[in-house]
Amino acid sequence: MLTVGLTGGIGSGKSAASRLFEQLGVAVIDADQVARDVVAPGEPALDAIQAEFGDAALDVSGQLNRRWLRQQVFDYPEKRTWLEALLHPLIRQQILNWITSHQQEDYVILTSPLLLETDQHRLTQAIIVVDLPEDIQLQRSCERDGMTTAAAGKIIAAQMPRQQRVERADFILDNSGNLASLEAQVALLHQQLKSRAINKST
Ligand code: ADP
């Protein structure tokens with residue numbers, strides 16, 4: 001079975017592309033969702049975060065206060081290191097368990113904004129990058145999240161540069177066009193990945 005990583009910058013269209021693969025019957029796991037699951041109330045990682053950061057890390061309903069925590073790790077880089085050392089192995093293990101339970105598929109997709117920045121890419125045998133020019137990325141991110149251009153620009157500047165990401169790609173989905181264009185590319189890539197998976201297994 002082939003595990004294919006799918007990544008791209010903020011607002012590049014990772015979720016849109018993932019949904020299109022799912023519509024074709026492909027099993028997709030979203031590392032962002034796993035990252036939320038491992039800190040859900042009752043999970044040991046949430047208790048560890050509370051012990052390290054104090055009660056301010058939780059909101060009134062006992063959920064992780066993500067916005068507050070994001071600011072903390074931004075302000076205190078050593079706290080980011082601590083948090084990543086806690087969460088990344090847990091996230092990786094959950095993904096690995098999911099992959100193991102999908103061995104009967106031709107291929108599966110791991111969608112992650114941090115595929116290339118963490119060791120998550122080591123779980124994959126091929127990488128898809130969703131790519132688009134920065135001005136469109138900026139515009140779509142702002143429209144989706146209600147951010148200012150300046151705020152979105154800061155996030156993009158802090159992420160892996162476009163060129164560097166593209167250089168790591170085995171396959172590129174060009175999401176500069178409309179959703180129909182993306183859908184057509186996904187359909188084509190689906191056929192390629194299926195035949196690659198089948199060739200690999202024979
Ligand atoms: P990501 O998951 O990479 O952050 P999304 O898939 O959420 O990005 O896409 C960002 C925003 O752009 C969403 O609002 C999405 O609906 C929109 N979008 C994605 N692809 C296209 C496209 N080809 N044309 C128009 N809007 C798009």
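The structure this text deals with has already been given above.
Below, the structure is looked at part by part.

Reading guide: rules and limits
- Residues numbered from 1 in each chain as written.
- Predicted model: local features only at pLDDT ≥ 70, side-chain atom pairs only at ≥ 80, totals over all residues.
- Heavy atoms only, no water.
- Helix = DSSP H or I, 4+ residues; strand = E, 2+ residues; numbered from the N terminus.
- Rg over C-alpha atoms; globule rule 2.2 N^0.38 Å.
- Near = heavy atom within 4 Å.
- Polar contact = N/O pair within 3.5 Å; in protein donor to acceptor, adjacent residues only side chain to side chain.
- Areas by Shrake-Rupley, 256 points an atom, 1.4 Å probe, with all protein chains shown as cover.
- Pairing = 2+ DSSP bridges.
- Axes fitted to C-alpha atoms, helices over the stretch in contact; angles between N-to-C directions.
- Contact = heavy atoms within 4.5 Å.
- Parallel < 35°, antiparallel > 145°, perpendicular 65-115°, else oblique.
- Left-handed = near helix turned anticlockwise from the far one by under 90°.
- Buried < 20%, exposed > 50% of the residue type's maximum accessible area, 1.4 Å probe, protein only.

For the rest of this paragraph, the subject is the overall build of the protein chain. From N to C terminus, the protein chain includes nine helices and five strands. Listing each helix as α and each strand as β along the protein chain from the N terminus yields β-α-β-α-α-α-α-β-β-α-α-α-β-α. Relative to its length of 202 residues, the protein chain is compact, with a C-alpha radius of gyration of 18 Å against a globular reference of 17 Å. C-alpha atoms of the protein chain, sized along the principal axes, occupy 50 × 40 × 30 Å.

Of all residues adjacent to the ligand, which total 13 residues, the nearest are G11, K14, S15, R144 and N175. Here a nitrogen atom of the ligand sits 3.3 Å away from a polar atom, N or O, in the side chain of R140. Measuring from an oxygen atom of the ligand, one finds a side-chain N or O atom of R144 at 2.7 Å. In isolation the ligand exposes 560 Å². Once the protein is present, 78% of that is buried.

As a general point, the strands of a sheet are linked pairwise by backbone hydrogen bonds and lie either parallel or antiparallel. Ordered in space as β2-β3-β1-β4-β5, the five strands form an open sheet in which the pairing is parallel. Bordering the open sheet on either side are β2 (27–30) and β5 (171–174), each of which pairs with just one other strand. Strand-to-strand twist of the sheet, defined as the mean angle between neighbouring strand axes without regard to direction, takes the value 25°. The sheet contacts of helix α1 (residues 14–23) involve β1 (2–7), β2, β3 (107–111), β4 (126–131) and β5, and relative to β1 the element is tilted by about 150°.

In this section: the packing of α1 against helix α9 (residues 179–201). Closest axis-to-axis distance for the α1/α9 pair is 10 Å, and the angle between their directions is 55°. It follows that α1 is oblique to α9 by the angle criterion. When you trace α1 past α9, the crossing you get is right-handed. Taking contact as the criterion, the partners of A16, A17, L20 and F21 in α1 are, on α9, L179, L182, E183, V186, L189, H190 and L193.

Moving on, we get to α1. Within α1 the residues assigned to the buried category are K14, A16, A17, S18, L20 and F21. Residues of α1 that are buried make contact with β1, β2, β3, β4, β5 and α9. With its phi angle positive at about 90°, G25 sits one or two positions after the end of α1.

The next subject is the side chain of T124. With respect to the secondary-structure elements, T124 resides in the loop between β3 and β4. Within the local environment of T124, its side chain forms a polar contact with the backbone oxygen of H121, the two atoms lying 2.7 Å apart. Non-local contacts of T124, meaning those with residues more than four positions away in its chain, are made with T3, V4, G5, L110 and L115.

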